[in-house]
Amino acid sequence: MASTTSSGSRFLLAGQAEDGWSNENEATATCFCGAVQLVFPLKAPGLVDTFICNCADCHKLTASMFASNFTVLDSHLRHHRGEENLTQYAQSKTVISKGNTMTNFFCKTCGSLMYRRGTGFPGASILRIGTVDDFNLMDTVLKPRIEQFVKDRAAWLSGGEGVEQCAGYFYGSN
Ligand SMILES: [Zn+2]
Ligand SMILES: [Zn+2]
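Residues numbered from 1 in each chain as written. Chains lettered and ligands numbered in written order. Predicted model: local features only at pLDDT ≥ 70, side-chain atom pairs only at ≥ 80, totals over all residues.

Colleague: Help me out: how do you make sense of the sheet that holds strand E12 (residues 146-148) in this one?
Modeller: In sheet architecture, strand pairing relies on hydrogen bonds along the backbone and comes in two forms, parallel and antiparallel. The strand order across the open sheet formed by eight strands is E8-E9-E10-E11-E6-E5-E12-E13, and the pairing between neighbours is mixed. The sheet terminates laterally at strand E8 (86-91) and strand E13 (164-165), the two strands that pair on one side only. Bridging between strand E6 (residues 67-73) and strand E11 (residues 124-128) involves five bridges; their strand directions are antiparallel. Looking across to E11, one finds that Phe70 is bridged to Leu127. (Pairing = 2+ DSSP bridges. Helix = DSSP H or I, 4+ residues; strand = E, 2+ residues; numbered from the N terminus.)

Colleague: Just checking my understanding: could you explain unusual backbone geometry for this structure?
Modeller: As a rule of thumb, non-glycine residues mostly have phi less than zero, and peptide bonds are mostly trans rather than cis. A cis geometry characterises the amide bond from Ala44 onward to Pro45, with omega recorded as 5°. Note that Pro45 resides in the loop between strand E4 (37-41) and strand E5 (47-53). In this model, Ala63 sits at a positive phi of 55°, which is unusual for a non-glycine residue. With a phi angle near 55°, Phe149 is a residue other than glycine that sits in the positive phi range. Residue placement: Phe149 occurs in the loop between E12 and E13. Residue Phe149 is classed as buried on the basis of its C-beta count, with 24 C-beta atoms lying within 10 Å. (Buried ≥ 20, exposed ≤ 12 C-beta atoms within 10 Å, placed from the backbone.)

Colleague: Explain the pairing of strand E3 (residues 26-30) to me, please; I cannot follow it from the model alone.
Modeller: The two faces of a sheet get side chains in turn, since along a regular strand they alternate between them. Pairing between E3 and E4: five bridges, direction antiparallel. Residue pairing in the sheet places Ala27 in a bridge with Phe40 of E4. Following E3, the chain reverses through six residues before pairing antiparallel with E4; Gly34 in that reversal takes a positive phi of roughly 95°.

Colleague: Please explain the environment of Arg81 as it appears in this structure.
Modeller: With respect to the helices and strands, Arg81 occurs in strand E7 (residues 78-81). Considered as a pair, Arg81 and Gly162 are 81 residues apart in the sequence and their alpha carbons are 35 Å apart. Once residues within four sequence positions are removed from consideration, Arg81 is found in contact with Val36 and Gln37. (Contact = placed C-beta atoms within 7 Å.)

What follows is the structure, given as C-alpha cells:
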C-alpha cells in the first residue's frame, strides 16, 4: 500500500508486508515475503554507521553490483517476528579481515538477506538499507556516509552522490 504521511514517511508496494512503520526513534525492516520483520534504531548509539560496499563478496551476496548497509548494535536490534524463519550461512573466506567468519542471516522462505554478523565486530549486525520499509529513510537517516571498495566497483557505476569514497576497506586494513 503506497502512502506518504505528513511526517515524510514513504511506504511503497514492496513485497508482501503492509505493516512496516517508522517513528523518530525506530523503524522496521522486513523481508520480501513478510515473514521476518526487524525493528532497528535510527539514532546513535544504536545506529552505528551507513555505507555502500562494492567488494567482490557483496557482488555475490546481493546478486547485484554493490551492497547498501547500515550497522546497528545488537543491544538495540529487535526481532519483531520471524526470527525462527531465519537461516544462517557462515564462512570465513572473506574479502575483509582474513580469518573473520561472516554469518549471513536469510529468510528461509523468500531468501532476503536481513543481516550479517562478523566475528571481527562482535555485538553488531550489518543490516540492508533495501529491506527498510520506510523508503524516505534511505535518503535521510540511512543515506550512506561511506562508499568502500570503490576499486572493485563496476565501471558503469559512478558512486553515491555526496558519499565519501574509499578505494579499499574503510574500517581497517585488509
Ligand atoms: Zn521472507
Ligand atoms: Zn562488501
